[in-house]
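# Structural description and commentary
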Amino acid sequence: TGSDQNKAPGSTGGAVGMNVRDSIRQPLWLLAELTYACPLQCPYCSNPMDFASVKKELTTEEWINVFRQAREMGATQLGLSGGEPLTRPDLIELIREARNLGFYTNLITSGVGLNADKAKEFKEAGLDHIQVSFQASSEDLNNLIAGTDAFQHKIEMAKAVKAAGYPMVLCFVTHRQNIDKIDEILDLAINLDADYVELATTQYYGWAMHNRDQLLPMKEQLVRAEAIAHEYQEKQKGNMKIYYVVPDYYEDRPKACMNGWGNVFLTVTPDGTALPCHAARELPGMELPNVKDLSIKEIWEGSNDFNRFRGFDWMKEPCRSCDEKEKDFGGCRCQAYMLTGDPAMADPVCTKSPDHHLILEAIENGRQEAEKPADIAKPLVFRNPKNSKEICGL
Ligand code: FES
């Protein structure tokens, strides 16, 4: 759905001066990536490039079992995501069970596959929240980026969500191709009478990383977008809540990714692989435990994958002696790996990182790409099974 960009929940964590075992907390957030099937083809999708290799999804029973175990361990928030979760015919059953177990449930969707009746039925089954993602504020750009004619339907579905009694939560993933339209995006949200708008900046994982040169916004675009977002935030106070997240490539310090590795966040992928974050499957040396073989408790507390970057002992300099390490945990392990080849390095977003130049070079590459005439500019590579197979040699 592309809206599975930006899911790191917000709280601080990490016990200091304790050994890793003592400091293991309970998983609070479960992100269930129910499927990689998706009618959209967003080039900024954070799903893995080789998603087409995943053939067998967990069954209804297996998902319910995952929900039950995570809930027993104390998880309270459940994100139903994908791919497009609406492609799962058992979605209503999963919602009902999740609700019975006492989860706060959030459906993260493109809206494609939804209709007004389903929105109502999901509500009756106990769904708390639906977040509808848009690709842009205009029909042409939206459909171009989504790779399909979805815009009008999304508009209808945003209204249907509100009519069914949910708050209207819209998510726009922003990047170089749509960020100059931030005012139009917010006007659309106002016209639709949205309650919450998330201006989610693209994070460079999976397909987004592959398309980074074509997606990374330029500094001047961001400065303008931020000013406009703040203006609207002021004007809409008490009316519509606008979340605006600055891209980490333009920050001096890294994000506290997932609020720390194996701290509060648990992802289960369509085939049952349990991960500390949606991108961790790509890291070298991962054992990739599966919920079909091990309990969630065994995975969360005992697996090498989840213990790998818990606490602070794994850190190298400059993180190890940094007085901000309890705030940001050295940043994102997946980003450190993608950019430096070593997942235990400081996230290069940090200006203290010896690899920070990699971020500056990426920004410069994006600028050069942006300045190329359209006929020689690199085309966006769309997220679809054909491209997945071709690029990954499946
Ligand atoms: Fe940040 Fe994996 S996405 S740790």
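Our focus in this paragraph is the pattern of salt bridges. Applying the stated rule across the entire model yields 19 salt bridges. Here K162 and D195 are joined by a salt bridge, their closest N and O atoms 3.3 Å apart. Taken as a pair, K162 in helix α5 (residues 151-163) and D195 in the loop between α6 (182-191) and β6 (196-201) lie far apart in primary sequence, 33 residues in all. Beyond isolated ion pairs, a larger network of salt bridges with shared partners links R253, E324, K327 and K352.

For the rest of this paragraph, the subject is helix α4 (residues 139-146). If you check which residues of α4 are buried, you get L141, N142, N143, I145 and A146. Those residues of α4 that are buried are in contact with β4 (129-134) and α5.

The next point concerns the packing of α4 against α5. At a closest axis distance of 9 Å, the pairing of α4 and α5 adopts a crossing angle of 105 degrees. Our classification of the angle between α4 and α5 gives roughly perpendicular. Of the residues in α5, those touching α4 at E139, N142 and N143 are F151, Q152 and K154. Of the residues contributing to the contact of α4 with α5, the split by class is one nonpolar, three polar and two charged.

Glancing now at the confidence of the model for the protein. In this model, the protein carries an average pLDDT of 92, and 94% of its residues clear a pLDDT of 70 or more. Residue range residues 6-17 is modelled with pLDDT below 50. Its contacts to residues more than four positions away, or to other chains, number 30 contacts.

Right, let's get into the sheet that holds β4. One open sheet accounts for nine strands, arranged β7-β6-β5-β4-β3-β2-β1-β8-β9; its pairing is mixed. Edge positions in the open sheet fall to β7 (241-244) and β9 (274-275), since each of these has one partner strand only. Examined bridge by bridge, strand β2 (residues 77-81) and strand β3 (residues 104-109) share four bridges and lie parallel to one another. In the strand pairing of β3, G79 is matched with N106.

This part takes up the pairing of β4. With respect to burial, β4 is a largely interior element, six of its six residues being buried. Neither face of β4 is open: one carries H129, Q131 and S133, the other I130, V132 and F134, and all of them are buried. Note that β3 and β4 share four bridges and pair parallel. Across the sheet, the residue bridging to L107 is I130, located in β4. Handedness of the crossover is the feature at issue here: the chain leaves β3, passes through helix α3 (residues 116-125), returns alongside β4, and the resulting connection is right-handed. Pairing of β4 with strand β5 (residues 169-174), which is carried by four bridges, proceeds in the parallel orientation. Counted as the bridge partner of S133 is C171 from β5.

Scoring rules and cut-offs
Residues numbered from 1 in each chain as written. Predicted model: local features only at pLDDT ≥ 70, side-chain atom pairs only at ≥ 80, totals over all residues. Heavy atoms only, no water. Salt bridge = Lys/Arg side-chain N within 4 Å of Asp/Glu carboxyl O. Helix = DSSP H or I, 4+ residues; strand = E, 2+ residues; numbered from the N terminus. Buried < 20%, exposed > 50% of the residue type's maximum accessible area, 1.4 Å probe, protein only. Contact = heavy atoms within 4.5 Å. Axes fitted to C-alpha atoms, helices over the stretch in contact; angles between N-to-C directions. Parallel < 35°, antiparallel > 145°, perpendicular 65-115°, else oblique. Nonpolar A, V, L, I, M, F, W, Y, C, P; charged D, E, K, R; others polar. pLDDT = per-residue confidence, 0-100. Pairing = 2+ DSSP bridges. Right-handed = clockwise from strand over helix to strand, strands pointing away.

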